[in-house]
Amino acid sequence: KAWDYSWAELTEEQRDAATLLGWSKATWDGDREKVVEDQVDDVAAVQDPLDGVPDSAPLEDEANDDKAWDYSWAELTEAQRNAALILEFDQGMWEAGLKTPACELSWDQMTPEQDDAATLLGWNKATWDGDKDKVVEDQADDVAAVQDPLDGVP
């Protein structure tokens with residue numbers, strides 16, 4: 001299995017495939033400090049995705065209805081990808097649904113730039129700080145509560 005090998009032990013073809021999936025030597029080999037350093041460099045290299053956007057964020061009930069997390073990295077707009085980078089996501093992490101260190105912050109702990117980026121991606125204070133497992137559990141309960149339309153049909 002490829003994941004049992006270090007980056008250096010992978011064949012060129014395996015490294016190319018891993019790179020297409022968003023991996024780098026640092027992420028593959030688990031060099032967390034190098035990963036964070038690279039992500040900070042990536043974020044510093046991109047233009048502020050919120051240039052020209054008014055400073056006032058939408059009210060929580062007016063937050064973006066288009067939830068970026070429902071889309072693949074390729075389907076995100078350039079502004080959404082840049083916002084994701086501000087929240088320390090790269091393509092591989094986004095596609096795999098992995099959390100970044102920024103995801104561990106509460107809304108109130110985020111920098112203004114992270115707050116704006118999260119808002120652009122469809123989060124608000126309530127959804128960011130909410131118990132995401134509880135949201136999924138509630139949705140499953142809602143589905144289970146819907147009566148089977150064929151119930152009682154022979």
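Treat the numbers as computed from the prediction; the structure is a model and nothing was measured.

A. Fine view of the packing of aromatic side chains. Taken as a whole, this structure holds six aromatic pairs when the rule is applied. Here W23 and W28 contribute two aromatic rings whose centre-to-centre distance is 5.3 Å and whose plane-to-plane angle is 75°, an arrangement assigned as edge-to-face. Ring centres of F89 and W94 lie 5.2 Å apart, and the angle between their planes is 80°; this geometry places the pair in the edge-to-face category. Both residues of the pair, F89 and W94, belong to the buried class. Three or more aromatic residues link up through ring pairs in this structure, and these residues are W7, W23 and W28.

B. Here's a closer look at unusual backbone geometry. The phi torsion at E88 lies on the positive side, around 75°, for a residue other than glycine. Following the sequence through the fold, E88 ends up in the loop between helix 4 (78-86) and helix 5 (91-96).

C. Representation of the packing of helix 4 against helix 6 (residues 112-120). The N-to-C vectors of helix 4 and helix 6 enclose an angle of 135°; their axes lie 9 Å apart at closest approach. The angle between helix 4 and helix 6 places the two elements in the oblique class. Classified by chirality, the crossing of helix 6 by helix 4 is left-handed. Contact residues: helix 4 offers A79, Q80, A83 and I86, while helix 6 offers E113, Q114, A117 and L120. Grouping the amino acids of the contact of helix 4 with helix 6 by side-chain chemistry returns five nonpolar, two polar and one charged.

The rules behind the values
Residues numbered from 1 in each chain as written. Predicted model: local features only at pLDDT ≥ 70, side-chain atom pairs only at ≥ 80, totals over all residues. Heavy atoms only, no water. Phe/Tyr/Trp six-rings, centres within 6.5 Å; stacked < 30°, edge-to-face > 60°. Buried < 20%, exposed > 50% of the residue type's maximum accessible area, 1.4 Å probe, protein only. Helix = DSSP H or I, 4+ residues; strand = E, 2+ residues; numbered from the N terminus. Axes fitted to C-alpha atoms, helices over the stretch in contact; angles between N-to-C directions. Parallel < 35°, antiparallel > 145°, perpendicular 65-115°, else oblique. Left-handed = near helix turned anticlockwise from the far one by under 90°. Contact = heavy atoms within 4.5 Å. Nonpolar A, V, L, I, M, F, W, Y, C, P; charged D, E, K, R; others polar.

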